[in-house]
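# Architecture and fold: a report
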Amino acid sequence: MTKLRHLVWMVTAVVGLVLSTSQGFAQSRPDVDEPGLVPDENYQLDPEWQKQVVYYRTNEAPGTIIISTAERHLYLVQGNGRALRYGIGVGREGFQWQGLLNITRKAEWPDWTPPPEMIARQPYLPRFMAGGPGNPLGARAMYLGTTVYRIHGTNQPDTIGTAISSGCFRLVNADVMDLYGRVPVGTKVIVRQKPQL
């Protein structure tokens, strides 16, 4: 009986250690992609990240997209000193970039094939995932140049306003659908890391 109790105690201790280690690992991972997670439709964005018309000075033509990774905002230039501003999630440290590209393709409920570099960093990811509510690309995607980067929706609305992605720009699904309907293929996209003065 004593050996049985000792064995049960040892098994319990090992299981507890394994669970606490895996939870600690999961909490410390730099990535948060959760394929299959269906977003909470009742999630409310903080007012800072909600779509709104703002004053915005620029010499860029109406219809241009300007992304400010430092501010966590995407601006769609409207002209007359105004822009539509959307809250976004941006690339985490080491995955931020800047440049000038164009939207080369658009997709509704896009399929997702994580690139090999992402699979190497996050081996738990599926090699392919069909479009749908649980897909990390969300409801719409706009592909940037010939890069692997996109402006897309998300199945994790609570990541808007954070630096958490592998370089893409994510919006809540309602906002990405709104933006998708406003911009054609060929739209100029300017990505800036630091705010303009």
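Residues numbered from 1 in each chain as written. Predicted model: local features only at pLDDT ≥ 70, side-chain atom pairs only at ≥ 80, totals over all residues. Heavy atoms only, no water.

### Some points on helix α3 (residues 173-182)
Among the residues of α3, those classed as buried are N173, D175, V176, L179 and Y180. Each buried residue of α3 sits inside an arc of 160 degrees when the element is viewed along its axis, so together they form one side. Pointing more than 90 degrees away from the buried face of α3 are the exposed residues A174 and G181. (Buried < 20%, exposed > 50% of the residue type's maximum accessible area, 1.4 Å probe, protein only. Helix = DSSP H or I, 4+ residues; strand = E, 2+ residues; numbered from the N terminus. Arc of directions from axis to C-beta.)

### With respect to the packing of aromatic side chains
Evaluated as defined, the whole model comprises three aromatic pairs. Relative to Y149, the ring of W97 lies with its centre 4.9 Å away and its plane at 20 degrees, an arrangement referred to as stacked. Taken as a pair, W97 in the loop between β5 (90-91) and β6 (99-108) and Y149 in the loop between β7 (140-144) and β8 (150-152) lie far apart in primary sequence, 52 residues in all. On the basis of relative accessibility, which here comes to 22%, the residue Y149 falls in the partly exposed class. A ring pair is formed by W97 and F169, whose centres lie 5.6 Å apart and whose planes are at 50 degrees; its orientation type is tilted. Here W97 is found in the loop between β5 and β6, whereas its partner F169 is found in strand β10 (residues 169-170), with 72 residues between them in sequence. For W97, a relative accessible area of 14% puts it in the buried group. For F169, a relative accessible area of 1% translates into the label buried. One residue, R92, lies across the ring of F95, its end atom 4.5 Å from the ring centre. The ring of Y143 carries the charged tip of R105 above its face, separated from the ring centre by 3.9 Å. (Phe/Tyr/Trp six-rings, centres within 6.5 Å; stacked < 30°, edge-to-face > 60°. Lys NZ or Arg CZ within 6 Å of the ring centre and 35° of its normal.)

### A word on the side chain of R170
Mapped onto the fold, R170 is located in strand β10. Polar side-chain contacts of R170 include one of 3.1 Å to the side chain of T159. (Polar contact = N/O pair within 3.5 Å; in protein donor to acceptor, adjacent residues only side chain to side chain.)

### Structural notes on unusual backbone geometry
Located in the positive-phi region is R72, a residue other than glycine, with phi close to 65 degrees. Secondary-structure assignment places R72 in the loop between β2 (65-68) and β3 (73-79). At N80, a position not held by glycine, the phi torsion is positive, near 55 degrees. Examined against the element boundaries, N80 turns out to sit in the loop between β3 and β4 (82-87). Judged by relative accessible area, which is 79%, N80 ranks as exposed.

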